[in-house]
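The residues making up each chain are set out below.
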Number of protein chains: 4
Amino acid sequence: MSTPPPDILRCAYMELVVTDLARSRHFYVDVLGLVVTEEDDTTIHLRGLEEFIHHNLVLRVGPVAAVAAFSYRVRAPEDLDKAEAFFTGLGCRVERRKEGFTKGVGDSVRVEDPLGFPYEFFHDVEHVERLAWRYDLHTPGAIVRLDHFNQVTPDVPRAVEYLESLAFRVTEDIKDDEGTTYAAWLRRKSTVHDTAMTGGDGPRMHHVAFATHEKHNILSICDKLGALRMSDRIERGPGRHGVSNAFYLYLRDPDGHRIEIYTQDYYTGDPDNPVVTWDVHDNQRRDWWGTPVVPSWYTDASVVLDLDGKPQPVVARTDSSEMEVTIGADGFSYTRKDEDSMPEWKQGEFKLGNQL
Amino acid sequence: MSTPPPDILRCAYMELVVTDLARSRHFYVDVLGLVVTEEDDTTIHLRGLEEFIHHNLVLRVGPVAAVAAFSYRVRAPEDLDKAEAFFTGLGCRVERRKEGFTKGVGDSVRVEDPLGFPYEFFHDVEHVERLAWRYDLHTPGAIVRLDHFNQVTPDVPRAVEYLESLAFRVTEDIKDDEGTTYAAWLRRKSTVHDTAMTGGDGPRMHHVAFATHEKHNILSICDKLGALRMSDRIERGPGRHGVSNAFYLYLRDPDGHRIEIYTQDYYTGDPDNPVVTWDVHDNQRRDWWGTPVVPSWYTDASVVLDLDGKPQPVVARTDSSEMEVTIGADGFSYTRKDEDSMPEWKQGEFKLGNQL
Amino acid sequence: MSTPPPDILRCAYMELVVTDLARSRHFYVDVLGLVVTEEDDTTIHLRGLEEFIHHNLVLRVGPVAAVAAFSYRVRAPEDLDKAEAFFTGLGCRVERRKEGFTKGVGDSVRVEDPLGFPYEFFHDVEHVERLAWRYDLHTPGAIVRLDHFNQVTPDVPRAVEYLESLAFRVTEDIKDDEGTTYAAWLRRKSTVHDTAMTGGDGPRMHHVAFATHEKHNILSICDKLGALRMSDRIERGPGRHGVSNAFYLYLRDPDGHRIEIYTQDYYTGDPDNPVVTWDVHDNQRRDWWGTPVVPSWYTDASVVLDLDGKPQPVVARTDSSEMEVTIGADGFSYTRKDEDSMPEWKQGEFKLGNQL
Amino acid sequence: MSTPPPDILRCAYMELVVTDLARSRHFYVDVLGLVVTEEDDTTIHLRGLEEFIHHNLVLRVGPVAAVAAFSYRVRAPEDLDKAEAFFTGLGCRVERRKEGFTKGVGDSVRVEDPLGFPYEFFHDVEHVERLAWRYDLHTPGAIVRLDHFNQVTPDVPRAVEYLESLAFRVTEDIKDDEGTTYAAWLRRKSTVHDTAMTGGDGPRMHHVAFATHEKHNILSICDKLGALRMSDRIERGPGRHGVSNAFYLYLRDPDGHRIEIYTQDYYTGDPDNPVVTWDVHDNQRRDWWGTPVVPSWYTDASVVLDLDGKPQPVVARTDSSEMEVTIGADGFSYTRKDEDSMPEWKQGEFKLGNQL
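Looking at an unreviewed UniProt entry, chain A carries the name 3,4-dihydroxyphenylacetate 2,3-dioxygenase, with the source organism given as Kibdelosporangium phytohabitans. Looking at chain A in UniProt, the text filed under Cofactor (unreviewed entry) is "Fe(2+)". In its Sequence similarities (unreviewed entry) section, UniProt records this for chain A: "Belongs to the extradiol ring-cleavage dioxygenase family."

Draft legend 1. Geometry of the packing of aromatic side chains. Applying the stated rule across the entire model yields 84 aromatic pairs over all chains. On the basis of an interplanar angle of 50 degrees and a centroid distance of 5.9 Å, the ring pair of B:Y13 and B:F122 is categorised as tilted. Of this pair, B:Y13 sits in strand 1 (residues 8–18) while B:F122 sits in strand 8 (residues 118–122); the two residues are 109 residues apart in sequence, bridging distant segments of the chain. For the pair formed by B:Y13 and B:F122, the shared burial category is buried. Arranged with centres 6.3 Å apart and planes meeting at 70 degrees, the rings of B:F87 and B:Y162 form a pair that is edge-to-face. Of this pair, B:F87 sits in helix 2 (residues 78–89) while B:Y162 sits in helix 3 (residues 156–165), and the two are 75 residues apart along the sequence. Feature note: the residues A:F70, A:Y72, A:F86, A:F87, A:F117, A:Y119, A:F121, A:F149, A:Y162 and A:F168 constitute an aromatic cluster, connected by ring pairs. The ring of A:W297 has A:R236 sitting right over it, with the charged end atom 4.6 Å from the ring centre.

Draft legend 2. Layout of the UniProt feature "domain: VOC" (unreviewed entry) in chain A. All names here are of chain A. UniProt records the feature "domain: VOC" (unreviewed entry) at residues 10–124 and 145–264, using the numbering of this structure. Helix makes up 20% of residues 10–124 and strand 42%, and the two end C-alpha atoms of the span are 14 Å apart. Overall, residues 145–264 shows 19% helix and 46% strand. The separation of its end C-alpha atoms is 13 Å.

Draft legend 3. Here's a closer look at the pattern of salt bridges. Taken as a whole and assessed by the stated rule, the structure comprises 143 salt bridges over all chains. Between B:R134 and B:D136 there is a salt bridge, with its nearest N and O atoms 3.0 Å apart. For B:D136, a relative accessible area of 24% gives the class partly exposed. Taking the shortest distance from any N to any O, the salt bridge between C:R229 and D:D282 comes out at 2.6 Å. Residue C:R229 is found in the loop between helix 4 (215–227) and strand 14 (234–240), and its partner D:D282 is found in the loop between strand 17 (276–279) and helix 5 (295–299); the two belong to separate chains. The class of D:D282 is buried, set by a relative accessible area of 6%. One salt-bridge network, held together by shared partners, links A:R10, A:E51, A:R73, D:D270 and D:D272.

Thresholds, definitions, all that
Residues numbered from 1 in each chain as written. Chains lettered and ligands numbered in written order. Predicted model: local features only at pLDDT ≥ 70, side-chain atom pairs only at ≥ 80, totals over all residues. Heavy atoms only, no water. UniProt positions renumbered as here; feature names shortened; annotations may be inferred. Phe/Tyr/Trp six-rings, centres within 6.5 Å; stacked < 30°, edge-to-face > 60°. Helix = DSSP H or I, 4+ residues; strand = E, 2+ residues; numbered from the N terminus. Buried < 20%, exposed > 50% of the residue type's maximum accessible area, 1.4 Å probe, protein only. Lys NZ or Arg CZ within 6 Å of the ring centre and 35° of its normal. Salt bridge = Lys/Arg side-chain N within 4 Å of Asp/Glu carboxyl O.

Quick look at the structure:
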């Protein structure tokens, strides 16, 4: 790749198309407590309590629930030129708008990237109040910032190669002994990831993750969902990830878009930060406590839009599926590698996942 | 009932028979951090960090994993006489030992109670150091006291009637519209329970529960089990109970005995403390977040011993089973009562429990 | 004492006279998040989130900030007769109102007790919703229940003797080698106290304490006070008590009434619960971390009213003052008893309290 | 400045000279739980649980307690050449050792910087196990990484200019209306700081800070110090900073070196990250809850060594002192700016700081 990539700072916001704006507003604002920067009849711009840029999430009403943009902030205005050249060089469709694609953001480049995802890059952005000190506005489940995206794509190694050309660096991945890669986590900022690539039928959006300060904040979101009789929006968790070592919770929004609430991964900013590779059969990779991953978490994801606003066609994964190799008749997961036999006490009767 | 019952203060300790004392010691002492009061080749006496009586748990090695005693402390030495008379009046087998049945405890009455459980009552007990202030000994998952027992019995209303004659009071229960009672929680001390009665084949011991101060203490136990590659000892949770409103985790010890770690229920000490009745079909009764209960939690339990140390025969429950009426083809659970139809977004694909 | 005392369950509510009801409502409702059961132009009835009786705090507007009642709930209606007889027998002024002294409460006895405090006893009370499960209403600093009162009185041993005749039991106290008692903690319910007696000019009310579930709840109250630029309402803490082992924070309400927020003491319900006696010179007795007690905490307190609503005259303490014997020229506090000399590193320069 | 600065990644470790190695080992290892990477009779290399480089703290025994190095990791080996040239260009004394100055570290440049501090730069470093997942080794006060340094220097604006030439960026500072700068926080990694400059007699080391995940971890360190009767090592806190919004605790090690335990500041990685300027008279700048800063925190600091190991002479600050302008007869602090008068309730009697 001779064209230099733009200098990406961090994942900055996602633009979600939702089918009922009031219902989504209830979920993101009234329940989760994201801060409204501004809103009108068609669009709501939301941010975390510690954010100083205009938004971390855009909800835009539309006919089909989908993702319109995975947006990254770049270091300098000149990086927009680099982004334009980089993706043009890759033969991608590229659209640049000096006035931005949504409120609060200036000069922007949107592309249909080589994997079929709508990526956006921008630098100019309106500053708003960082509400970090406004504890009078904090809720028990206070969300402080956007943490990462997670994308579904059929060919993870190809996706990693592409993101590495954009100067992302792998921090962790899931593989097997046969050389199949099931997922990879890649970062620009100094956390475990700005985005992850999950193997599956794609391009689709697996989830968008927001951070809290402490674990009890995440638990309080579950408690509140129970109180509101919305506990069925909890898809998976709360739990501790093996990958990333973070504490997590997965929710499904009213359109089925998956949201993660996430806290406490680790510093990754050194160039020789050690990559952690997990065996796909290690039952603690996805949940450190061995709690089974629910099937919907593997199978469901949101469609993404092209630059005309039409859903991108989904291509099936041809490599092995993580769900199939780890659970069910053809798969297996272990708690202790190299253990010849089952432990004496009745392993396998305790956890639901072993019975699927 | 003309014979007055003893004045029970609280559940005080459980005596567990374990089949490999070293293996159980590793679990309870090295992993969970219970404090050893004293130990020899056959028996270990353990307590929580805030306890001042000799022990809350006795591990005694034996050929068959079982429960030898559910032991309650009574207010005064004279209550031993009352206990003896009370159970003799019920036609139960009663054994009294002035020197106690185990170290640290004096004058004690053990009975085979009307439900077949080995209940013990004592007042005299050796005092030991309350380690509440000894933070140099506390671990991340610090267990501070015994909280409650949970027993499996076929006929819950009969069990409630018996415990009420012992001056226990119901705080919460699970019923259905047809008048079946599936479980009941009863207290002497001012928490939600000293013991609970769970409907099922019995007499068996469902679990014994220990308390921590905060929720993060419980999460840290899960994290440690993961680090030790013992995550398969986690059976259910962590989560928030509907019943009791407490935060919980269920583990299985090396013999399969079920241990709960529990924190933050509520004050129940007033005589008119409101009883909370839960509908058996309410999907948030057992887990406020709607996380499915794993089948083993309903089916597995520990046998209990008679006063000769022989396992009590188990009698099958004839009433409806909570598991069957709530999950599977013949059961149902709701998140929102009186909801005519499934919500528009794809409920039922997210949570594993819906798929059993 | 031949007259049997009433069977007291617990401290139940305090009636505070405040001089500006709107200002106090802002503090207790908007800032601290206590739940309004009902209110009118002169009175606000408040409770914690886990309470099922009508109120735990009454704010009544009046000309002079004061305490109108320390109110305890008794076990049965008949205990009101016992209370009436008990205090009549002591020669105290007693007033009984079948309709209660405030909303939500029925038959009540109010007395000017032997120490000059307005004590109330009641059993009949309106039940309201226990909001324990209503996590949609919980705030980061969620207050769940009333925990205890703290009273200032000149002669602590006399006060202890009186409360013991009311069947309170001492759990902890502060003494010196000369036999002076500086403070004592006494309980009816199974916590460290329902009330404490602090030596000083009295009768006065030192503080009323409310409980949260976890320590971070208390920290979040501080954070919110900072955000509202009300940090000067924080008088002392947050910190860890030596006495009670609880985590604490002291606030001053708009009238200067002192409020404690408190969490995590220990079970005290056994009749032989060990009494913990602290040396008045132990610098960790009041704060386990050795943080100095601010002088106002020792000197300030609220006046209490007689049954005519007039302030009770304050009698000076003649025994040694805890403040004087522990700080300043005539006092001393140690971190390590029996340490001959100061440690090599520069103790005494670090903590402000050493410099007063 | 024509010579380009090295590309600094982050503060990496501090080398402390201690006078009694066993006593310091007890403090840092047994009490605080830092992980020993390796040790011998003269030196101990320590790290946090999430660190993958050889150490974050070196304790070296010596005759005078002092700081031998503030060490930063640079992005690439070539940055060592840049560091050498940069400081040579500034006329500083520079020493380069290919084999490093201590175990685990390779090619290093140490300088006596323009402010008199011993700064070190390195890239090559031995990797060790990142113990993030080793929860079996975590303690209640688990320290996960080094967070920042804090340096005392007489002329803060000059120090800021120098650090900006090294490509540090200011995130927050404390000033007054007359244009005096009292302190500044500067970062390379994406947190509030890698080092801060505190105005005072210097060059001296104010503190070195380590991070935990949650606030309760910090509280547990205080609890443990109390249990060990070492509470007098707590100098200030725990509390919430205004500057940085982090939760903090200051300890003094056995030689009087100041250690901060710190958690939860915010992301600062964008080039236009908003600078927060605090008024020196704002009483919430140093502690958001208004808790007074103890005088020793302003006055005490550790001497630093030159490259020969001799203490650098200390130059007095000539600008106004933060302590003097904020407390005492000549200073003032406000909770609410522009408040004409004291509030009606008795402000000024509650907090100790107001009485100095």
